[in-house]
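Secondary and tertiary structure notes
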Amino acid sequence: MFSKLLWTFLKVSAVTALLQSSGGFGQRYRVSLQMSKSSVDRQISSWSASNPQDCKDAKDKLNIWPLDDYNARLLNEVRPKSWKHANPDVIYDFIAIGAGAGGLVSSRQVARRGGKSAMISSHLAGGDCLNVGCVPSKALIRCARMIREVRKAKSESEFGVRINGDVEVDFGAIMERMRKLRAEIAPIDGHERGQSIGADVYQGLGRFVDENTIEIIPSLDEKPIQLRFRKVAICTGGRASIPSGIPGLMDAPFTTNENLFNLTRLPPRMVILGSGVVALEMAQVFATFGTEVTVLVRSNSLFPRVDPEVGSCLKRCLEEHDNVNFLMMAKVKQVETLQEVDDKNYLPLMRLTIQSGGKDVTINTECLLVATGRVPNIEKLNLEAANVAFDERRGILVDDRARSISNPNVYSVGDCTAGVPRLTHMSGEMAKLVVNNALFDDDWKLSSLVVPSCMYTEPEFASVGDVSAKSDQVDIYTTSLEHNDRSILDGDRNGFVKIYCEKGTGKIKGCAIVASRAGELINEVSLAIKYGVTLEGLGRNIHCYPTTGEAVMGCGLQLINANWKRLN
């Protein structure tokens, strides 16, 4: 393909030279030919699935694999091979260091509101969410749900669906679909989109030189660029935390969310170190695809800091419906690498020695997924030069306005910030908060935000507010889905809604929902908490029938009915 493009380029150049000596004829066609030449230039400098060097660079430098047409489209949006930087000889009103949700939202909002803004992208624009998080994981979750539905229809004749033969899973097609949809979503986060809005985009590693200057080390062999700013937001996100002290782990070919979505072969076995959101979502997904999955849980329950019914319900569902294996009170004593990936072996092989229940257990696995939490990406920023206080494990130390406690011109957004929920939607909201506080003298406070969260297993687990309180501290109102008409009709009765209120009142303190589409249901309660709507108010809010959302109303009706006036 490269030789064809080069030949086209030479032809265009030759014809252009001929026409330039042809008077008026040349004048008429010079513009269209110049456009053709520019198009060829763009194609030559684009990522291409047919270029072996591009394939190598994408894998070795950017951790994106395989470089098919879809991943090439992704990279052309979020990491162009050649990117022309803007003129750095200005003082920016606002610079975002990082190109995830926080950097994208803040830099573009400043530009839309009349400010001179820039965004520095050191890796892939869109951050973890687009490339190795929310987007690819939800694409896999959708396929897994489809597979479960087909299997359910096959095994339960009451649905009236007749399927002859086995339900086969095509893992290659599933991953290709994910790459296709990720590439389709990518342009909204791409460099050209940001530039068109008015936010200058710089590609390279950004680090502080002093309290008002950032130096960018470009990704290509270019000279460093220095940018000056009035206000800056650190939006560098986080990465998977790798536990220390496990013999053999650091030398093993383990997997994290950063390379899980590069898989082209379904691993026969998977061991997951950790039992949080990423761990359980991927445990269910890969078990549905046909992998034998074992989850290593450090404690004796899932989600020990929240209502105990949540963990027990989810564990039961994943064990009984998806054949996920759990080892409780598990501690990895050793990881041995038995086989590396090479030209003959598409998957590695490892052996884990695990202590669980007072006994040592040995498990072989082709995929060891480490999902034990996150750490902030702050170690390369040279924060000391800008007098920015930080904690290596927690992140940038900020006040209630998301402003650095030591440098008033520096703000922090998202996963690199100490003490805030590490969620994409939190990053997006923090970005708005920072723009208003930094440039428009507003007083938006982190403590005013009501932040829901959701784990997209089946059933989902969504929560907002405090869901850890004991029953003697709050009044708890529970509606089981066992008697919810929509759940009965859907054949999906697993789950519940629990709303926690200040004792003796209807003031809502928190809510936990385990249900299909719990992430959709939680938003009603989030709105109620934010604007002071009481549980009675939710009970008197008319809900469509039949819906799972009536379970939220059901909690309110319990409180209302308990205070009914009665005829003597």
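Residues numbered from 1 in each chain as written. Predicted model: local features only at pLDDT ≥ 70, side-chain atom pairs only at ≥ 80, totals over all residues. Heavy atoms only, no water.

Attention now moves to the side chain of Asp322. Locating Asp322 in the fold gives a position in helix α12 (residues 308-322). The buried charged residue Asp322 lacks any salt bridge, with Arg148 as its nearest oppositely charged partner at 4.2 Å. Within the structure, the side chain of Asp322 is placed 2.8 Å from the side chain of Gln284, a separation counted as a polar contact. When residues no more than four places from it in sequence are discounted, the contact partners of Asp322 are Arg148, Gln284, Ala287, Thr288 and Cys317. (Helix = DSSP H or I, 4+ residues; strand = E, 2+ residues; numbered from the N terminus. Buried < 20%, exposed > 50% of the residue type's maximum accessible area, 1.4 Å probe, protein only. Lys, Arg positive; Asp, Glu negative; His and termini not counted. Salt bridge = Lys/Arg side-chain N within 4 Å of Asp/Glu carboxyl O. Polar contact = N/O pair within 3.5 Å; in protein donor to acceptor, adjacent residues only side chain to side chain. Contact = heavy atoms within 4.5 Å.)

The buried fraction of strand β5 (residues 225-234) amounts to 7 of the 10 residues, a majority that puts the element mostly inside the structure. For strand β1 (residues 91-97) and β5, the ladder comprises 6 bridges, and the chain directions are parallel. Within β5, the residue paired with Ala96 across the bridge is Ala233. With 4 bridges connecting them, strand β4 (residues 213-218) and β5 associate as antiparallel partners. Across the sheet, the residue bridging to Glu215 is Gln226, located in β5. Here 3 bridges tie β5 to strand β17 (residues 410-412), and the two strands are oriented parallel to one another. Pairing of Ala233 across the sheet is with Tyr411, part of β17. (Pairing = 2+ DSSP bridges.)

All right, on to the sheet that holds strand β12 (residues 359-365) then. Pairing is antiparallel across the open sheet formed by 3 strands, whose spatial order is β10-β11-β12. Both edges of this open sheet fall to β10 (331-339) and β12, since each of them pairs with a single strand only. The mean angle between the axes of side-by-side strands here comes to 20 degrees, regardless of whether they run parallel or antiparallel. With 7 bridges joining them, strand β11 (residues 349-356) and β12 adopt antiparallel strand pairing. Along β12, the bridge assignment pairs Ser356 with Lys359. (Axes fitted to C-alpha atoms, helices over the stretch in contact; angles between N-to-C directions.)

Before going further, it helps to spend a moment on the environment of Met455. If you trace the backbone, Met455 turns up in strand β18 (residues 453-455). Along the chain, Met455 and Val514 lie 59 residues apart, while their C-alpha atoms are 9.5 Å from each other. Ignoring any residue separated from it by four or fewer positions in sequence, one finds Met455 in contact with Gly276, Val277, Leu280, Glu281, Phe303, Leu314, Glu460 and Phe461.

A few words on the confidence of the model for the protein chain. A residue-level look at the protein chain finds 92% of positions with pLDDT of 70 or above and a mean pLDDT of 92. Segment residues 1-44: pLDDT under 50, and 22 contacts once partners within four positions in sequence are set aside and those in other chains are kept. (pLDDT = per-residue confidence, 0-100.)

What follows is about a positive patch on the surface. A contiguous patch of positive charge on the surface is contributed by Arg142, Arg177, Lys180 and Arg517. Mapped onto the elements of the fold, Arg177 is located in helix α8 (residues 171-185). Relative accessible area serves as the criterion here: at 31%, Arg177 is assigned to the partly exposed category. (Patch = residues over 30% accessible without salt bridge, like charges linked within 9 Å, V, L, I, M, F, W, Y side chains within 5 Å. Areas by Shrake-Rupley, 256 points an atom, 1.4 Å probe, with all protein chains shown as cover. Charge placed at Lys NZ, Arg CZ, Asp CG, Glu CD.)

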